Amino acid sequence: MIMFDRVWKMLKEIDATERKKAFDAIIEILSSSEDEEMRQLKDDLLAFEGDILDDSEDPINTLLEGEK
């Protein structure tokens with residue numbers, strides 16, 4: 001599960017205009033893997049694709065930043 005978190009964080013750090021391209025490239029690479037863990041990672045990423053590609057502000061982060 002650590003790898004999933006690292007990939008998600010990496011994708012969130014990419015500009016939104018390039019994030020979909022990077023996401024698609026990662027999915028394509030993982031799709032060609034014969035490793036069961038890599039295929040599971042692909043499935044997990046696809047399950048959360050909408051959240052990963054969502055560029056709206058996280059309401060919790062916005063609230064916490066407002067308190068500073």
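Keep in mind it's a predicted model, so treat the numbers as computed, not measured.

The rules we used
- For every chain, the first residue of the written sequence is number 1, and numbering continues from 1 along that sequence.
- Thresholds applied to this predicted model are a pLDDT of at least 70 for local features of residues and 80 or more for the giving and counting of side-chain atom pairs; totals over whole chains, interfaces and linings are not thresholded and use all residues.
- Only hydrogens and water are removed before side-chain values are computed, so all heavy atoms of the structure are retained for them.
- Buried Ala, Val, Leu, Ile, Met, Phe, Trp, Tyr and Cys residues that are joined via side-chain atoms within 4.5 Å together make up what is termed a nonpolar core.
- For the exposure calls, accessible area comes from a 1.4 Å probe over protein chains only, and a residue counts as buried if that area is under 20% of its type's maximum, exposed if over 50%, partly exposed in between.
- Secondary structure elements follow DSSP: runs of H or I no shorter than four residues count as helices, runs of E no shorter than two count as strands, and numbering proceeds from the N terminus.
- We call two residues contacting when some pair of their heavy atoms lies within 4.5 Å.
- One fewer than the residue count of a helix, multiplied by 1.5 Å, yields its expected span.
- Here the arc refers to the directions that run from the helix axis out to each C-beta atom.
- Here a polar contact is taken to be a pair of N or O atoms separated by no more than 3.5 Å, where protein atoms must pair a possible hydrogen donor with a possible acceptor and residues adjacent in sequence count only if both atoms sit in side chains.
- For salt bridges, the criterion is a side-chain nitrogen of Lys or Arg within 4 Å of an Asp or Glu carboxyl oxygen.

S.K.: Go over the nonpolar core with me, naming the residues and quoting the values.
M.R.: The biggest cluster of nonpolar side chains holds eleven residues, and these are Phe-4, Val-7, Leu-11, Ala-22, Phe-23, Ile-26, Ile-27, Leu-30, Leu-41, Leu-45 and Ile-52. Contributing elements (two or more residues each) for this core: helix H1 (2–13), helix H2 (16–31) and helix H3 (36–47). Ranked by residues supplied to this core, first place goes to H2 with five residues. With residues near it in sequence (within four places) discarded, Ile-26 still touches Val-7, Met-10, Leu-11 and Leu-45.

S.K.: Can you explain H3? Please cite residues and give values.
M.R.: In a regular helix each residue adds 1.5 Å, so twelve residues correspond to 16 Å; H3 covers 16 Å between its end C-alpha atoms and thus fits that length. Listed in full, the buried residues belonging to H3 are Leu-41, Lys-42 and Leu-45. Seen from one end, H3 has its buried residues packed into an arc of 100°, which puts them on one side. Residues of H3 that are exposed and point more than 90 degrees away from the buried face comprise Glu-36 and Ala-47. Where H3 starts, the residue carrying a side-chain oxygen 2.6 Å from the main-chain nitrogen of Glu-37 turns out to be Asp-35.

S.K.: Outline the pattern of salt bridges, listing residues and values.
M.R.: Here the structure, examined in full by the defined rule, presents seven salt bridges. Put simply, Glu-49 and Lys-20 hold a salt bridge, and the shortest N to O gap is 2.9 Å. Taken as a pair, Glu-49 in helix H4 (residues 49–53) and Lys-20 in helix H2 lie far apart in primary sequence, 29 residues in all. The residue Arg-39 makes a salt bridge to Glu-36 at a minimum N-O spacing of 2.8 Å.

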